[in-house]
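Below are the chains, spelled out letter by letter.
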Amino acid sequence: MSDSADVIIIGGGGAGCSAALYLAWRGARVILLERGLVGSQASGANYGGVRQQGRHAAELPLARRAHGIWRRLPELIGTDCEFAETGHLKLARNEAEAAELYAYLDTARAHGLPLEMLEGAALRERYPWLGADAVAASFAPQDGSANPRLLSPALARAARQAGATILEQTAVTACRREAGHFVVEAGGIRYSADRLLNTAGFWGGQVAAWFGETVPIRHHTPNMLVTEPVRYFIRPNLGVVGGNVYLRQIPRGNIIIGGGYGSGDPAVPMSRPDPVVTLRAMQRAAALVPQLADVSVIRSWSGIDGIMPDRLPVVGPSATTPGLLHAFGFSGHGFQLGPAVGAVLCELALDGRTETALDGLSIQRFARA
Amino acid sequence: MKVAVVGAGPAGVRAVEQLVRAGLRPLWLDEAPDGGGRIYQRPPAGFRRGAAALYGLEAKRAQALHAALDAAKPAAEWRPDTLVWDVTWAEKRLHLLHQGRAEAVEVDAAILCTGAMDRVVPLPGWTRPGVTTLGGAQIALKAQGCAIGPKVVFLGSGPLLWLVAYQYMKAGANVAAVLDTTGFRRKLGALAGAPHDPVTLAKGLYYVARLRAAGVRVAEGVTPLAIEGEQPDAISALRWRDAAGREHSTACDAVGLGWGVRPELQLADLAGVPIGFDTVQHNWVPQRDALGRTPVPGLYVAGDGAGIGGAVVAEMAGACAAQAVLDDAGLPADQKLVNRLQRRLRRQARFRAALERAFPFPISLAATMPDETILCRCEAVTAGELRAAAAPEGPHGAAPEVNRAKAFTRIGMGRCQGRVCGAAAAEVLAAQLGTDAAGIGRLRGQAPVKPLPMPAWQGESA
Ligand SMILES: Cc1cc2nc3c(=O)[nH]c(=O)nc-3n(C[C@H](O)[C@H](O)[C@H](O)COP(=O)(O)OP(=O)(O)OC[C@H]3O[C@@H](n4cnc5c(N)ncnc54)[C@H](O)[C@@H]3O)c2cc1C
C-alpha cells in the first residue's frame, strides 16, 4: 500500500501541527506522520512560557510573527489554549545582570518588541511580593503563557478539519529521495510526496542525517514542577537572567516552576525529573517569591527537546536535498515559536520564499568547512 | 549489604523480620509515626483502648504483628514518619522526607511494601465534609478512637464494608444503614462451590448477622443516588434505590464509602517496574514473580502494594520477598520456609479470586455516574467534562487514552494524582471510548508520591 501527498510532515509537535494547518488552509494535500500522539513530546510537556524577550536577534522575527498568531488563536482554531498576555518579568539579581537587561533593549527596539525597565522602589511597588534578591527587571507586556497540553492537539484538530491527514502512532523508520520524490516509510506503508518537512524535534537530527546532514544536536530535558493551587497573586511569567529558575502562576492558583534539568533517553523515548534538581528549583523559587515558602509541590516532570550548540533552531531548506525543509532543534524555547514555524514552512514549501527573516537559522551553519 | 524496606505494615514487618534473622540491618521506612500498617494502625501514645476493642476478631494477629514490629525495630535502622517521595533506581537512591526536610539515601536493594488504598466511586455530594473512605473511617476509629460522625451510613461493597460497620456498631456509634451495591445472589453465586477461605467467610457472615441482630438497616444490591445536605457544608441524608427500584432517603450526617482497595504502586512505577492490568482484581499491579521479584534488579514488592491479597497474604509475601533478596545476594535463604509459604500463598490466591468475583468493582455504577458528578475532587472536574474530552467535537479533538484525557481536563492532576478517583475515572472514560479500563491505559506516576512542602529543600543543602 502507498499513499501520496503534496507535502509529508514528520513529527506532530507545535511546529509540525501548525505546518499541517497552514498547508491545508492553502489547499495542499498534507500527510503528517507522528510516532506517538500529537504534542506528546516537547510541545506537550514544556513550561508553557510564551516569551519573546531575551531571545537571540536571529529568532526575533519568527517570535514576533508567532506573537501575532497567538493573539488570534481563538478565531483561527477555536480555542485560546489558555494563552494569556500576562507580561513576562525578567529579573536581575545583581548589577552585572541588570547591565545585561539594559544591553538587550536595543535588540528589542530593533524588532519592535516593547520592554519596560523597572528598578528599586518602582519594581517593589509594582510587585511587592518579590524577594530581596531582585534589583532590577525588564517587563515585556506582550509576553505571557499558555497551556502546552492543548496547543498541538488543537492545531491538529483544526488541520484535520481543513483537510490534512494526521496519522498518530505512526513512526517514520526510513526516508529517502527517489526519482524526484520523497519516499517515507512508516508502519509498513510507503508514503510519497514532492516536499518533505522535518519537524521531528530532537529526532529531527536523525531525519537530517538520513539526508546526509549530520548536526551536533543533543537532547535537553528541563526539570518542571507544579505546586498545589494557592491565591492568584503572581500575574507575570517570571524569569531571571541566566535562567536557573522561572515560574508562573495560572489563575486557578497552581504555580509552575522550572529550573535545572532532569534526564531522558530519546531512544525510548522517556524523560524524568531529577529529585535533587526539583529541590533546588524549590529553593530558588522561594528566594524569588518568599510567599511560596509554605506551599507544596504536587507533581514534577520533564520532556525532551533538541538543543543546538548555539541554542538556535535549524529552520530553512536542506543544504543537500531540494524539497526538504527543516525546522527542529528549538533548543528549549520553541513552544512560543511553534505557530509561526508552520506559517513559514508553508510559505517555503508552496512559494519557495517567506517574508520572515531566517538569517542565522540555516542548517548550513553546521556544514563542515 | 543495605536493604531498604518501605512500609511497616504486615508485609514490611515480616520482610524486616526475615532480613534481621539473616543478620542484616535493613533501613526501614514508614511515613506513619509508627508501624502496623493501615489494618493494624496503632493509636497515638496515651490512648488506652485495648487490642480487643481496637481490632476485634483480628486482635490476636494485630498483637502478634505488633510484637514482631517492636522486636525488629532495634535490629533495624527504623525510621518512622519518613515518606519516600521519589525513587531514582538508576542510582539505587530513595528520596526521603522527614519532618518537612528532604534527604536521599543509597541502598543495594529495596522491598516495597507500600500497601493499598480505597477504591471509591464518586456520586453527587461525595465532596461534602463528612464523607470518608471506609479505610479512613476505620482509621478514625482505630487510631483516634472517634467516629466519622454521630450517625453514619456505610456504602460500598467488599469485606471491609461489613467489618467497618460492625466495628462502629461495637464501639457504640450509631450506624444508620449498611448499603451494599452488590446483590446477595452475586455474592452467593461467586462463593458457593468456589474455593474460599472458611475463616474469612465465617467472619463476614458473623459481622452481617451481628449488624442485623442489632437492628441496623442492611440492604444489598442498592444503587446510591446522592449524598444530600440542607447546608452546603454538611450532610443530612443519603438517597439510594433498592434492588426492587424503590427510592429511599436515609438520614445521616456522615458516609463511609469504598469498593475494595487498589495497590499503592507509585514507587514501583517511578522505579521503572512494568505495570500490568490484573483482570481478576480489576487493578493495575506491578509485574513480579511468585516471591515478589520485579524485572528491575534489586527491586522487590510485597503485600497489597504488589497486588491485593489482604493482611494474611501480605505477611507471607513479605517474608518471601526478604528470602528472595537474600537468595539473589548469594546469602543463605530459608528454602523450607519459602516452600511452605508459597504453598499457602497459592491456596490464598484461589480464595482471593473467589472473593474478587463476589465483590467486583462496580464498573457500570462508575461508568454511568451523572454528568454533573464531581469526579476528580482535587481539580473539581466533573464526569461530564471527562466524557467531553473523549468526544472528537471538542476544540482539541478526542483523547484516545487516559493520560491525554488528564492533559485536557486536569483529571488526576491534583494533590492526590488520581489515587482517589482514578479507578472510577477509568470506567467513565472507557465507557465513552467503547473500551475497558485496561484499554484506556494507566495514569502515569509522577513524583512526588505525596505533596512535597517547599521548605523540604533545606534538608538537601544541610
Ligand atoms: C520541559 C520543557 C520546557 C520547555 N519550556 C518552554 C517554554 O516555556 N517556552 C518555550 O517557548 N519553549 C519551551 N520548551 C521548548 C519547546 O517545548 C520546544 O522547543 C518545542 O515544543 C519543540 O517543538 P517541535 O515541534 O520541534 O518538537 P516536539 O514537540 O518534540 O515534536 C516533535 C515530534 O516529532 C515526533 N517524531 C520524532 N521522530 C519521529 C519519527 N521518526 N516519526 C514520526 N514522528 C516522529 C515526536 O514524537 C514529536 O511528537 C521547553 C521544552 C521542554 C522539554
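Cut-off values and rules
Residues numbered from 1 in each chain as written. Chains lettered and ligands numbered in written order. Predicted model: local features only at pLDDT ≥ 70, side-chain atom pairs only at ≥ 80, totals over all residues. Heavy atoms only, no water. Helix = DSSP H or I, 4+ residues; strand = E, 2+ residues; numbered from the N terminus. Rg over C-alpha atoms; globule rule 2.2 N^0.38 Å. Buried < 20%, exposed > 50% of the residue type's maximum accessible area, 1.4 Å probe, protein only. Contact = heavy atoms within 4.5 Å. Areas by Shrake-Rupley, 256 points an atom, 1.4 Å probe, with all protein chains shown as cover. Polar contact = N/O pair within 3.5 Å; in protein donor to acceptor, adjacent residues only side chain to side chain. Pairing = 2+ DSSP bridges. Axes fitted to C-alpha atoms, helices over the stretch in contact; angles between N-to-C directions. Domains from an automatic or database assignment. Buried area = accessible area lost by both parts, 1.4 Å probe. Salt bridge = Lys/Arg side-chain N within 4 Å of Asp/Glu carboxyl O. Nonpolar A, V, L, I, M, F, W, Y, C, P; charged D, E, K, R; others polar. UniProt positions renumbered as here; feature names shortened; annotations may be inferred. Parallel < 35°, antiparallel > 145°, perpendicular 65-115°, else oblique.

Chain B carries the name FAD-dependent oxidoreductase in an unreviewed UniProt entry, which gives Teichococcus aerophilus as its organism.

Per an unreviewed UniProt entry, the recorded name for chain A is FAD-binding oxidoreductase, and the organism is Teichococcus aerophilus.

Caption draft 1: Spotlight on the overall build of chain A. Check the secondary structure of chain A and you find 9 helices and 22 strands. Over its C-alpha trace chain A gives a radius of gyration of 20 Å, about what one expects of a compact globule, namely 21 Å for 369 residues. If one aligns the C-alpha atoms of chain A with their principal axes, the spans along those axes are about 65 × 45 × 40 Å. Looking at chain A as a whole, 60% of its 369 residues are labelled buried. Residue pairs at least 24 apart in sequence account for 72% of intrachain contacts in chain A once pairs closer than 6 positions are excluded. Carbon together with sulfur atoms contributes 50% to the accessible area of chain A, which is approximately 13,600 Å² in total.

Caption draft 2: Looking closely at the environment of E185 of chain A. All names here are of chain A. Of note, E185 is situated in strand β10 (residues 181-186). Among the residues examined, E185 registers a relative accessible area of 25% and is labelled partly exposed. Excluding anything up to four places from it in sequence, E185 contacts A171, V172, T173, A174, R176 and R190. Within the local environment of E185, its side chain forms a polar contact with the side chain of R176, the two groups lying 3.1 Å apart.

Caption draft 3: Summary view of the sheet that holds strand β4 (residues 82-88) of chain B. Taking strand neighbours across the sheet as the criterion, the 3 strands line up as β4-β5-β6 (chain B) in an open arrangement whose pairing is antiparallel. Because the sheet does not close on itself, it has two edges, and the strands there are β4 and β6 (101-106) of chain B. Taken pair by pair, the neighbouring strands of this sheet meet at an average axis angle of 25°, ignoring direction. The pairing of β4 of chain B with strand β5 (residues 93-98) of chain B spans 6 bridges and is classified as antiparallel. By the bridge assignment for β5 of chain B, D86 of chain B is matched with H95 of chain B. Of the strands in this sheet, β4, β5 and β6 of chain B touch helix α8 (residues 275-288) of chain A, which is tilted by about 120° from β4 of chain B.

Caption draft 4: View of the domain arrangement of chain B. All names here are of chain B. Taken as a whole, chain B is organised into domain 1 (3-117 + 262-356), domain 2 (120-256) and domain 3 (363-440). Computed from C-alpha atoms alone, the centre-to-centre distance between domain 2 and domain 3 is 26 Å. Facing 10 residues of domain 2, the contacting portion of domain 3 comprises 10 residues. Here domain 2 meets domain 3 over a buried area of about 850 Å², counting both sides, of which 79% is carbon and sulfur. If you sort the residues of domain 2 by the area they bury against domain 3, V121, P122 and W126 come out on top, with a joint share of 51%.

Caption draft 5: Quick look at the interface of chain A and chain B. Between chain A and chain B, the contact holds 35 residues from the first and 36 residues from the second. In total, about 3,100 Å² of surface goes out of reach between chain A and chain B, with carbon and sulfur atoms giving 57% of it. Here chain A and chain B share 4 salt bridges between them. A salt bridge links R410 of chain B to E82 of chain A; its shortest N-O distance comes to 3.3 Å. For the interface between chain A and chain B, the tally reads 16 residue pairs in polar contact (both at pLDDT 80 or more). Elements with a minimum of two residues in the side of chain A that touches chain B: α6 (148-161), α8 and β19 (296-301) of chain A. Considered class by class, the residues forming the side of chain A that touches chain B number 18 nonpolar, 10 polar and 7 charged. Pairing geometry for β19 of chain A and strand β23 (residues 452-453) of chain B, over 2 bridges, is antiparallel. Within β23 of chain B, the residue paired with S296 of chain A across the bridge is P453 of chain B.

Caption draft 6: Structural context of the UniProt feature "domain: BFD-like [2Fe-2S]-binding" (unreviewed entry) in chain B. UniProt tags residues 374-430 of chain B as "domain: BFD-like [2Fe-2S]-binding" (unreviewed entry). With 42% helix and 9% strand, the stretch residues 374-430 of chain B has end C-alpha atoms that lie 17 Å from each other.

Caption draft 7: The UniProt feature "transmembrane region" (unreviewed entry) in chain A, seen in detail. Per the UniProt record, "transmembrane region" (unreviewed entry) is annotated on residues 6-25 of chain A. When the span residues 6-25 of chain A is considered, its composition is 60% helix and 25% strand, and the gap between its end C-alpha atoms is 13 Å.

Caption draft 8: How the structure looks around the packing of helix α3 (residues 60-77) of chain A against helix α9 (residues 338-351) of chain A. Residue and element names in this part refer to chain A. The contact between α3 and α9 brings their axes to 7 Å, and the two run at 110°. For the element pair α3 / α9, the angle class is roughly perpendicular. Across from L62, R65, A66, I69 and W70 in α3, the residues of α9 making contact are P339, A340, V341, A343, V344 and E347.

Caption draft 9: Representation of the side chain of E315 of chain B. If you trace the backbone, E315 of chain B turns up in helix α9 (residues 311-328). Dropping the residues within four chain positions of it, E315 of chain B is found in contact with P10, A11, R14, Y40, R61 and L65 of chain B.

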